[in-house]
Amino acid sequence: MSRTPLPTKPCARCGRTITWRKAWARDWDSVRWCSDSCRKHGLRQVDLDLQDALEALLAERARDASVCPSEAARAVGDDDWRELMEPARMAARRLVADGRAEITQGGQVIDPDHAKGPIRVRRPR
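Cut-offs applied
- Residues numbered from 1 in each chain as written.
- Predicted model: local features only at pLDDT ≥ 70, side-chain atom pairs only at ≥ 80, totals over all residues.
- Heavy atoms only, no water.
- Helix = DSSP H or I, 4+ residues; strand = E, 2+ residues; numbered from the N terminus.
- Buried < 20%, exposed > 50% of the residue type's maximum accessible area, 1.4 Å probe, protein only.
- Areas by Shrake-Rupley, 256 points an atom, 1.4 Å probe, with all protein chains shown as cover.
- Lys, Arg positive; Asp, Glu negative; His and termini not counted.
- Charge placed at Lys NZ, Arg CZ, Asp CG, Glu CD.
- Pairing = 2+ DSSP bridges.
- Expected span 1.5 Å × (residues − 1).
- Arc of directions from axis to C-beta.
- Contact = heavy atoms within 4.5 Å.

As annotated in an unreviewed UniProt entry, the protein carries the name DUF2256 and DUF3253 domain-containing protein and comes from Terrabacter aeriphilus.

Rendered as structure tokens:
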């Protein structure tokens, strides 16, 4: 007998998958954050700007082209772009959760929750 998979949803800040827990049964609809850190920082304007920058970069490129999150970080952060690298990766995960992008490594689509190292972002195929 197989079990029904538990409900999931993406974290509003980092885009990682949140899996239902019994402790959240009464307020599952209001769960938005995967961790205390995400809840503490919330979704800031710079996070939305990075997401917009990724989408704009993808729109400028050929349909099958990809972009590096660092390009969005450079577009938003100018000289301070390095500190925006993790927020840019979070923006990419949010786009994946919305079905507007895919994350790849070595040309292969990967699960954004388990991506380690350099990634690329492209439109879904």
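We are not done yet, so read on.
Of regular secondary structure, the protein possesses four helices and six strands. Counting from the amino terminus, the protein carries its helices and strands in the arrangement β-β-α-α-β-α-α-β-β-β. When its C-alpha atoms are laid out on the principal axes, the protein stretches across 45 × 35 × 25 Å. Buried positions account for 38% of the 125 residues belonging to the protein. Surface accessibility of the protein: about 7900 Å² in total, with carbon and sulfur atoms responsible for 48%. Side chains of the protein give 24 positive and 19 negative charges; the mean places of these two sets differ by 7 Å.

To continue, consider the environment of Asp 80. Looking at where Asp 80 falls in the secondary structure, it is placed in the loop between helix H3 (69–77) and helix H4 (85–97). Here Asp 80 falls in the partly exposed class, since its relative accessible area comes to 48%.

Pairing is antiparallel in the open sheet, where four strands are placed in the order E3-E6-E4-E5. Only two strands of the sheet have a single neighbouring strand rather than two, namely strand E3 (66–67) and strand E5 (108–109). Both E3 and strand E6 (residues 120–122) contribute to a ladder of two bridges, which runs antiparallel. Bridge pairing in E6 links Ser 66 to Arg 122.

Bringing helix H2 (residues 45–60) into the picture now. When the terminal C-alpha atoms of H2 are compared, their 22 Å separation across 16 residues agrees well with the 22 Å that a helix rising 1.5 Å per residue should span. Residues of H2 that are buried: Asp 47, Leu 50, Gln 51, Ala 53, Leu 54, Leu 57 and Leu 58. One face of H2 carries all of its buried residues, which in axial projection span an arc of 160°. Of the exposed residues in H2, those oriented more than 90 degrees away from the buried face are Gln 45, Ala 59 and Glu 60. Considering only its buried residues, H2 is in contact with E3, H3, H4 and E6.

The subject of this paragraph is the side chain of Arg 122. With respect to the helices and strands, the residue Arg 122 is situated in strand E6. Residue Arg 122 is classed as buried on the basis of its relative accessible area, which comes to 10%. If we skip the residues at most four places from it in the chain, Arg 122 touches Leu 58, Ala 65, Ser 66, Ala 101, Glu 102, Thr 104, Gly 107 and Val 109.

Our next topic: unusual backbone geometry. At Asp 78, a position not held by glycine, the phi torsion is positive, near 50°. Positionally, Asp 78 belongs in the loop between H3 and H4. Note on Asp 78: relative accessible area 55%, which makes it exposed.

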